[in-house]
Amino acid sequence: MKHIELKQGRTFMGYASEGEDLLSALTKFVKDKKIQAGYFNVIGAVKSAVIGFYDEHSQSYKKVTLNQELEISGCLGNISIKDEEEFIHAHIILGNEEGKTYSGHLFEGTPVLLAEFNVQELTGEKLVRKFNEASGLFMWDI
Ligand code: ZN
C-alpha cells in the first residue's frame, strides 16, 4: 500500500443549514479554511440527493437522483488537492423511513435539511490528485 504520514491539524465542528448543498458547502468550507488534507464525516438529513456509482467499464459515474427526504446515516470522505484547489471526495449512506438505505459517491444536487459535520485537518505533506489513465480517475500521487 502506498501512503504518506501526516500530522493532526485543526479540528472543526459545525453544521450546514436548510437548503445548503452538502458537497458545495463542504467544498466552500475547506477552501475558506485552506484545508489541503484531511477527512470528515457528516450526519443529518437531506431534502433530496444525487449519488453515483462508478462504472469501471465506461469510466463514468451512473448517477441516481433521489427525490425524497432521507436521513444522512453517514457521509464520510477526504480532502486533498486537485487542479491546485482543495477538493472533497465524499461517499454517503442515506436512510428512508423504512430504515432502508441508498449509498454512493456524493454529487452536487443534495440540499440538506440539516447536516452536522466535523472536519479533521491533516498537515505536513501535500496530498495531490493526478489523472490516472488506466482507471479514468484522479488518484493520489504518492
Ligand atoms: Zn467516490
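In this text the structure is predicted, and so the values were computed from the model without any measurement.

Asker: Teacher, can you tell me more about the overall build of the chain here?
Answerer: A count of helices and strands for the chain gives 1 helix and 10 strands. Listing every helix and strand of the chain by position from the N terminus yields β-α-β-β-β-β-β-β-β-β-β. Taking 142 residues into account, the globule formula puts the C-alpha radius of gyration at 14 Å, and the chain, at 15 Å, falls close to it. Expressed as lengths along the three principal axes of its C-alpha atoms, the size of the chain is roughly 40 × 40 × 25 Å. A burial count over the chain gives 40% of its 142 residues as buried.

Asker: Honestly, the coordination of the zinc ion in this entry has me stumped. Any pointers?
Answerer: For a metal bound by four donors in a tetrahedral arrangement, the ideal donor-metal-donor angle is 109.5 degrees, while six donors in an octahedral arrangement ideally sit at 90 or 180 degrees. The protein atoms that coordinate the zinc ion are His-89 (NE2), His-91 (NE2) and His-105 (ND1), at distances spanning 2.1 Å. Going along the chain, you hit the donors of the zinc ion in the pattern H-x1-H-x13-H. Of this pair, His-89 sits in strand β6 (residues 85–95) while His-105 sits in strand β7 (residues 101–106), and the two are 16 residues apart along the sequence. Among the residues examined, His-89 registers a relative accessible area of 23% and is labelled partly exposed.

Asker: Please clarify how the packing of aromatic side chains should be interpreted in this entry.
Answerer: Here the distance between the centres and the angle between the planes together describe a pair of aromatic rings. In this structure the tally under the stated criterion is 5 aromatic pairs. With a centroid separation of 5.3 Å and 85° between ring planes, the pair formed by Phe-12 and Phe-29 is classed as edge-to-face. Residue Phe-12 is found in strand β1 (residues 7–16), and its partner Phe-29 is found in helix α1 (residues 22–33); the two are separated by 17 residues along the sequence. Residue classification places Phe-12 among the buried positions, given a relative accessible area of 15%. We classify Phe-29 as buried; its relative accessible area is 19%. A network of ring pairs unites the aromatic residues Phe-12, Phe-29 and Phe-117 as a single cluster.

Calculation criteria
Residues numbered from 1 in each chain as written. Predicted model: local features only at pLDDT ≥ 70, side-chain atom pairs only at ≥ 80, totals over all residues. Heavy atoms only, no water. Helix = DSSP H or I, 4+ residues; strand = E, 2+ residues; numbered from the N terminus. Rg over C-alpha atoms; globule rule 2.2 N^0.38 Å. Buried < 20%, exposed > 50% of the residue type's maximum accessible area, 1.4 Å probe, protein only. Donors = N, O, S within 2.8 Å, 3.2 Å for Na, K, Ca; no water. Phe/Tyr/Trp six-rings, centres within 6.5 Å; stacked < 30°, edge-to-face > 60°.

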